Amino acid sequence: QVQLAESGGGLVQAGGSLRVSCAFSGRTFSSYYMGWFRQAPGKEREFVAAVSGSGGNTLYTDSVKGRFTISRDNAKNTVYLQMNSLKPEDTAVYYCAASIYIGLRRRANEYNYWGQGTQVTVSS
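Residues numbered from 1 in each chain as written. Predicted model: local features only at pLDDT ≥ 70, side-chain atom pairs only at ≥ 80, totals over all residues. Heavy atoms only, no water.

1. Section: the state of the cysteines
A full pass over the atoms with the stated rule returns one disulfide. Note on cysteine connectivity: cysteine 22 is disulfide-linked to cysteine 96, with sulfurs 1.9 Å apart. Around the S-S axis, the bridge from cysteine 22 to cysteine 96 shows a dihedral of about 45° and counts as right-handed. Taken together, the positions of cysteine 22 in strand β3 (residues 18-25) and cysteine 96 in strand β9 (residues 92-99) put the pair 74 residues apart, joining distant regions of the chain. Of the two residues, cysteine 22 and cysteine 96, neither departs from the other in class, the shared state being buried. (Disulfide = S-S within 2.5 Å. Helix = DSSP H or I, 4+ residues; strand = E, 2+ residues; numbered from the N terminus. Buried < 20%, exposed > 50% of the residue type's maximum accessible area, 1.4 Å probe, protein only.)

Below, the structure is given as C-alpha cells:
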C-alpha cells in the first residue's frame, strides 16, 4: 500500500520561499507520476504541479509558473515543491498525490493516493 507523508509547511512572509517535501513508501516510487495540489479555506482543491516518474517532465498551473518548481529524488523516494516569491494567495493546505497512470495529469480524480497535507501560510 502506498503511503505519502508531507512535511515542510509553515509560516512565511510574502516574497519569501519555502520547500515542502513528500516521502513515498510502499511501492516503487519511480513507477508513479506525482503531483502537488492545494486547498484554501472555502475553496476546492486545485492542481499545482506534476512530475513524471523520471523527473524529466513537469507541468504547472499558470498561477505558479516561474515561481514554483516540482522535482523528485527517486533514490530518496521523495518529491519536492520549491516555492519562491510566495504570495498571500498561495496560503493553503498542500497535498502530494501519486498516480499510477502514465502522463502528467491535472485532475484530482486521476490520482490514486494522497497524503494528509501540510499547511502553508503566507503573511502579507
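Still more ground to cover, so stick around.
2. Describing the pattern of salt bridges
The tally for this structure, following the rule as stated, stands at six salt bridges. When the shortest N-O distance is used, the salt bridge between glutamate 46 and arginine 38 registers 2.6 Å. Linking glutamate 110 and arginine 107 is a salt bridge whose minimum nitrogen-to-oxygen distance equals 3.4 Å. Taking relative accessible area as the criterion, glutamate 110 reaches 14% and is therefore assigned buried. Residues participating in the shared-partner salt-bridge network are Arg38, Glu46, Arg67 and Asp90. (Salt bridge = Lys/Arg side-chain N within 4 Å of Asp/Glu carboxyl O.)

3. Focus on unusual backbone geometry
Unlike most non-glycine residues, asparagine 77 shows phi in positive territory, near 55°. With respect to the helices, strands and loops of the structure, asparagine 77 is situated in the loop between β7 (68-73) and β8 (78-83). You can call asparagine 77 partly exposed: its relative accessible area is 27%. Even without being glycine, serine 85 reaches a positive phi, approximately 50°. On the secondary structure map, serine 85 appears in the loop between β8 and β9.

4. Section: the pairing of β9
For β9, a buried count of seven out of eight residues is recorded, marking the element as mostly surrounded by other parts of the structure. Relative to β9, strand β4 (residues 33-39) is paired through seven bridges, and the arrangement is antiparallel. Its bridge partner lying in β9, phenylalanine 37 is registered against tyrosine 95. As paired strands, β9 and strand β11 (residues 118-123) are joined by three bridges and run antiparallel to one another. Bridge pairing in β11 places valine 93 opposite glutamine 119. (Pairing = 2+ DSSP bridges.)

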